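Each chain is listed here by its residues.
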Amino acid sequence: MKRRNFIHNLGLTAAALTAGVNPIGAHEVKKDSSTSPSNTLISDTEDWPKRNDNWLYLGNGQKLKPKRFKEVHYDVMVIGGGIAGICAAVSAARNGSQVLLVQDRPMLGGNASSEMHVPINGSYHLKNKFGCDRETGVVEELQLTNKAYNPYCTWEIWDHMMYTYADEFENLTIELNIQAIEALMEGNKITSAICWQTTTETKWKVNAKIFIDCSGDGLLAAAAGAEYRTGRESRDEFNESFAPEKADGWCMGDSIQFLSVDMGKPVTYKAPPFAIPYDFSKAYKRKINGLSCGFWWVELGSDYDIIAVREENRNKLAAYTFGVWDYVKNSGKFPEAENLALTWVGSIAGRRESRRFMGDYLLNQNDLMNYRHFEDAVGFGGWSLDEHCPGGMDNLKDPPSFFHSRFNKQYEIPYRCLYSKNIENLLFAGRNVSVTHMALSSTRVMGTCSTMGQAVGTAAALCLAHQTSPRGIYQKHLMELQEMLLRDDAYIPNRKANDPENLATQATLKASSTSSGDVALLTDGISRDLIESVHHWASEDSKASVTLTWKKPVLLQTVEIKADTNLHQEIELHPNKLKMETQDFGLPPELIKTLSVKAKINGKWKEIARKEDNIFRLIKLHFTPIQTQEIRVRPIDTYGSKTHKLFEIRCYR
Ligand SMILES: Cc1cc2nc3c(=O)[nH]c(=O)nc-3n(C[C@H](O)[C@H](O)[C@H](O)COP(=O)(O)OP(=O)(O)OC[C@H]3O[C@@H](n4cnc5c(N)ncnc54)[C@H](O)[C@@H]3O)c2cc1C
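These numbers come from a predicted model, not from an experiment.

Trainee: Please clarify how the overall build of the protein chain should be interpreted in this entry.
Mentor: Within the protein chain one finds 14 helices and 24 strands. For the protein chain, the proportion of contacts with a sequence separation of at least 24, taken over those separated by at least 6, is 76%.

Below you can see the structure in the form of structure tokens.
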């Protein structure tokens, strides 16, 4: 049951729930009643009598084996609730599909959850230090929800904010603690996923038309027979200068994280007996700085099957982590650690690399370094080529990461890397996509994974709308996919929005005041400032408005605004306290909180839509259709800034 319905059943009114800042209802949710899932509990055979759970009141001598079973039907199934999976599921749902997202952990977020404490990094890690060009779209909305409801930024509340945000989408069902383990096939098509939910002892059969594997390891995709690679490509294969001469099986490693807290007085430390002593003198370039969290280089890889050794590596990683902390506390080399107590050590080994599924294109180091332009670009990245050394802590003579190269600008990710070359109805997003090991050393960061997630979720919805396959979208509906992404506030480098339905592009725009940018830029198809060009309008004061005038009356029903969230400022939850101190408390001060749209109807200005307590960059306003020649968009207040900045205005009938 969705949390919203559960609360509704408790008898709370919407008003009681939405007092104060309210992201809920701020999303665009397109309902599609024609595809309502018929989700049933099926247990029809003699072996599985027709009951939900075979639950027996014991004491009557019977010994039935528990065989709980559920069969459900959805348009789209998303496997894995990390950042890529959330973005995929939300995007498919908000574009009209009935979606099931299954996640095998008790919370969403994957490595970004409180189980791992990994910050969502992305394309802002550029050489020129232009600042932070954060990813927009679903991943930003997730993080802004967190800023609104978790201003003190604890990881445990963040888990719930990710769930809260995703659960708001009418068409999206989330099931936690479920692992997809087997694929049922008809030829090259997946028809169903067999799953196991640990908390309810239930076997699920999930029938769907499109499957999106965002699980990192990709068990379902592999079980379906999707072609994949592991390990490192040879230098010759793609002419990748940083690749090893010969191909081998090495994957970047898994890591365990920790947190420490300043107790305000000296704290002693005694390492548990299983800790592996850390020999700093033998470790090359493993920096011990920022002691509140870390260290990503406490890492162990595999040159054969990194999935098979996960538990073994986890135990060894824990032993290494306690050993490094022992060194920090007791070597005498870190006086700043005197008051620090170790308060959390992860129990799950976070993963960077395992299977990479093959699409119609395999993205490589040169595509990234040459900023190759792809007609089918749907995502982007910019994190450096941050390839971790083979072996991690078992290979202290190499640096933990080679940090081969940093980028000057963002590179493009083509859609053809995000669907299977041999399974007809399978898409993927995240670290398991069609890239070489060397390209993955950059594309794996979660901001970049989020752009892929939004792209495949939107593509899945489009597959259903056009009754086609993911490849069919590439062949026949690519522009439509790109336009949908841009409208939903994704960014695609080197591509302007050009939506013929957008009536704002036919209007003349005039602002009552301008302090920077230009009001005409609000319909230029680019909704963020770039390194080389400005694409905003900002007012001189808090009273300004923008008027759109058409030559002839137009029929309008929707106005969409892209507001300012200061994309240079980081907003991700970060385990490093010093990093968090550089962020604004709560929502970005630049963000518009209240916005009103008026239309001139029969010579009089009338308010047709108003948004209060807005927390997102993309503000979509729907209203009863009106015929007008003039509308006025008026930002009323922000979360702090005195002037108002916008990046785009769109109008639709
Ligand atoms: C220690 C460490 C530090 C890192 N540092 C950074 C960093 O600073 N910034 C950054 O952006 N990235 C960082 N990374 C890389 C990044 O975390 C991963 O590449 C990223 O999480 C991949 O995202 P994803 O959504 O593909 O997978 P994940 O985040 O792994 O999410 C996939 C989810 O699917 C679940 N799942 C798996 N199999 C199934 C199944 N069969 N059924 C259902 N659910 C399943 C998993 O439990 C997981 O929760 C780091 C990684 C590690 C390990």
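Trainee: Mind showing me how you'd approach the nonpolar core here?
Mentor: Nonpolar side chains in soluble globular proteins tend to be buried together. In this structure, M77, L172, I212, L548, I631, I649 and C651 are the most contacted members of the largest nonpolar core, which totals 139 residues. Among the elements that line this core, the one with the most residues is helix α11 (residues 446–466), at 10 residues. Residue contacts for I649: discarding those within four places in its chain leaves N502, A504, L522, T523, V546, L548, V559, E560, I561 and V633.

Trainee: Sorry if this is basic, but what is going on with the pattern of salt bridges here?
Mentor: A pair can form between side chains of opposite charge whenever their charged atoms are brought close. Taken as a whole, this structure holds 34 salt bridges when the rule is applied. With a closest N to O distance of 3.4 Å, E141 and R94 form a salt bridge. Pair noted here: E141 is in helix α4 (residues 138–149) and R94 is in helix α3 (residues 83–94), with a separation of 47 residues, a long-range link. Of the residues examined, R94 reaches a relative accessible area of 2% and is grouped as buried. R229 serves as the salt-bridge partner of E237, at 2.6 Å between the closest nitrogen and oxygen.

Trainee: Where do I start with the environment of K397 in this structure?
Mentor: Among the secondary structure elements, K397 is positioned in the loop between β14 (377–381) and β15 (411–414). The exposure class of K397 is exposed, given its relative accessible area of 64%. Expressed as a C-alpha distance, the spacing of K397 and K285, which sit 112 residues apart in the sequence, is 8.8 Å. The residues contacting K397, other than those within four sequence positions of it, are K282 and Y284.

Trainee: I'm lost on the packing of α3 against helix α5 (residues 155–167) in this one. Help?
Mentor: Geometry of a packed helix pair, given as the angle between the helix axes and the separation of the axes. The N-to-C vectors of α3 and α5 enclose an angle of 20°; their axes lie 10 Å apart at closest approach. As judged from the angle between their axes, α3 and α5 are roughly parallel. Crossing hand, α3 versus α5: left-handed. Packed against α3, whose contacting residues are I83, I86, V90 and R94, the element α5 presents M162, Y165 and A166 at the interface. Its residues placed into classes, the contact of α3 with α5 shows six nonpolar, no polar and one charged.

Trainee: What is the right way to read the site of the ligand from this model?
Mentor: By nearness alone, 32 residues border the ligand, and D104, P119, N121, R444 and M446 come closest of all. Contact between the ligand and M446: an oxygen atom at 2.7 Å from a main-chain N or O atom of the residue. Going through the elements one at a time, α3, β2 (99–103), β4 (178–186) and α11 are the ones with two or more residues in the shell around the ligand. Top contributing element to the shell around the ligand by residue count: β4, with three residues. Here the shell around the ligand is built from residues that sort into 13 nonpolar, 13 polar and six charged.

Trainee: I tried to follow the side chain of T565 on my own but got confused; where do I start?
Mentor: Looking at the secondary structure, you find T565 in the loop between β20 (546–563) and α14 (577–581). Reaching out from T565, the side chain makes a polar contact with the side chain of E140 at a distance of 2.6 Å. Once residues within four sequence positions are removed from consideration, T565 is found in contact with R134, E140, L144, P588, L591 and R617.

Trainee: Just to check I follow, could you spell out a nonpolar patch on the surface for this structure?
Mentor: Side chains of I181, W196 and L219 sit close together on the surface and give an oily, nonpolar patch of about 250 Å² of accessible area. Residue placement: W196 occurs in strand β5 (residues 189–197). Residue W196 is classed as partly exposed on the basis of its relative accessible area of 39%.

Trainee: How should α5 be read in this particular structure?
Mentor: Quick reminder: α-helices carry 3.6 residues per turn. Residues three or four places apart thus point the same way. With 13 residues, α5 should reach 18 Å at 1.5 Å per residue; the first-to-last C-alpha distance of 18 Å fits that figure. All buried positions along α5 are accounted for by W155, W158, D159, M161, M162, Y163, T164, Y165, A166 and D167.

Trainee: Would you explain the pairing of β4 in this entry?
Mentor: Consecutive side chains of a regular strand alternate in pointing toward one face of the sheet and then the other. Two elements, β4 and β5, share eight bridges in a ladder whose sense is antiparallel. Considered in β5, the bridge of A180 is made with C195. Counting the residues in the hairpin turn of β4 and β5 gives two residues, including G187, whose phi is positive at 60°.

Trainee: It is not clear to me how the packing of aromatic side chains should be interpreted in this structure. Could you clarify?
Mentor: The geometry of an aromatic ring pair comes down to the distance between the two centres and the angle between the two planes. Taken as a whole and judged by the stated rule, the model has 20 aromatic pairs. Consider the rings of W296 and F403, whose centres lie 6.3 Å apart with planes at 85°: the pair is edge-to-face. Here F403 lies in the loop between β14 and β15 and W296 lies in the loop between β10 (293–294) and β11 (299–302), a separation of 107 residues in the sequence. For W296, a relative accessible area of 33% translates into the label partly exposed. Overall, the relative accessible area of 43% leaves F403 in the partly exposed class. Through a chain of ring-to-ring contacts, three or more aromatic side chains come together here, namely F258, Y278, F280, F295, W297, W325, Y327 and F334. Between R487 and the ring centre of Y652, over which it is positioned, the NZ or CZ distance is 3.6 Å.

Trainee: Got a minute to help me understand unusual backbone geometry in this structure?
Mentor: Most of the time, phi is negative for any residue but glycine, and the peptide bond is trans. Of note in the backbone geometry, K285 takes a positive phi value of approximately 55° without being a glycine. Among the structural elements, K285 can be located in the loop between β9 (258–262) and β10. Unlike most non-glycine residues, N602 shows phi in positive territory, near 50°. Along the chain, N602 turns up in the loop between β21 (592–601) and β22 (604–611).

Trainee: Even after reading the chapter, I still don't get the packing of α3 against α11, so can you show me in this structure?
Mentor: One can describe the packing of α3 onto α11 by two numbers: an axis separation of 7 Å at closest approach and a directional angle of 30°. One finds that α3 runs roughly parallel with respect to α11. Here α3 runs over α11; the crossing is right-handed. Here I83, A84, C87, A88, S91, A92 and R94 of α3 lie close against α11, whose contacting residues are M446, C449, S450, G453, Q454, V456, G457, T458 and A461. Taken together, the residues of the contact of α3 with α11 break down into nine nonpolar, six polar and one charged.

Trainee: Help me understand the sheet that holds β9 in this model?
Mentor: Taken in spatial order, the three strands of this open sheet run β10-β9-β12, and their pairing is antiparallel. Because the sheet does not close on itself, it has two edges, and the strands there are β10 and β12 (340–345). With two bridges connecting them, β9 and β10 associate as antiparallel partners. Within β10, the residue paired with F258 across the bridge is G294. Packed on one face of the sheet, helix α8 (residues 310–330) meets β9 and β12 and runs near 170° to β12.

Trainee: Quick question: what am I supposed to make of α4 here?
Mentor: The terminal C-alpha atoms of α4 lie 17 Å apart, and with 12 residues this matches the ideal 16 Å at 1.5 Å per residue to within 8%. Taken across its 12 residues, α4 has 11 buried, putting it largely inside the fold. Residues V138, V139, E140, E141, L142, Q143, L144, T145, N146, K147 and A148 constitute the buried set of α4. Those residues of α4 that are buried lie in contact with α3, α5, α11 and β23 (618–638).

Trainee: For this particular structure, what's the right way to read the confidence of the model for the protein chain?
Mentor: Low pLDDT means the predicted atomic positions in that stretch should not be read closely. Averaged over every residue, the pLDDT of the protein chain is 91; residues scoring 70 or more account for 89%. The low-confidence segment residues 11–50, where pLDDT is below 50, has 71 contacts with residues more than four positions distant or belonging to other chains.

Here is what the cut-offs are and how they apply
Residues numbered from 1 in each chain as written. Predicted model: local features only at pLDDT ≥ 70, side-chain atom pairs only at ≥ 80, totals over all residues. Heavy atoms only, no water. Helix = DSSP H or I, 4+ residues; strand = E, 2+ residues; numbered from the N terminus. Contact = heavy atoms within 4.5 Å. Core = buried A, V, L, I, M, F, W, Y, C linked by side-chain atoms within 4.5 Å. Buried < 20%, exposed > 50% of the residue type's maximum accessible area, 1.4 Å probe, protein only. Salt bridge = Lys/Arg side-chain N within 4 Å of Asp/Glu carboxyl O. Axes fitted to C-alpha atoms, helices over the stretch in contact; angles between N-to-C directions. Parallel < 35°, antiparallel > 145°, perpendicular 65-115°, else oblique. Left-handed = near helix turned anticlockwise from the far one by under 90°. Nonpolar A, V, L, I, M, F, W, Y, C, P; charged D, E, K, R; others polar. Near = heavy atom within 4 Å. Polar contact = N/O pair within 3.5 Å; in protein donor to acceptor, adjacent residues only side chain to side chain. Patch = residues over 30% accessible without salt bridge, like charges linked within 9 Å, V, L, I, M, F, W, Y side chains within 5 Å. Areas by Shrake-Rupley, 256 points an atom, 1.4 Å probe, with all protein chains shown as cover. Expected span 1.5 Å × (residues − 1). Pairing = 2+ DSSP bridges. Phe/Tyr/Trp six-rings, centres within 6.5 Å; stacked < 30°, edge-to-face > 60°. Lys NZ or Arg CZ within 6 Å of the ring centre and 35° of its normal. pLDDT = per-residue confidence, 0-100.

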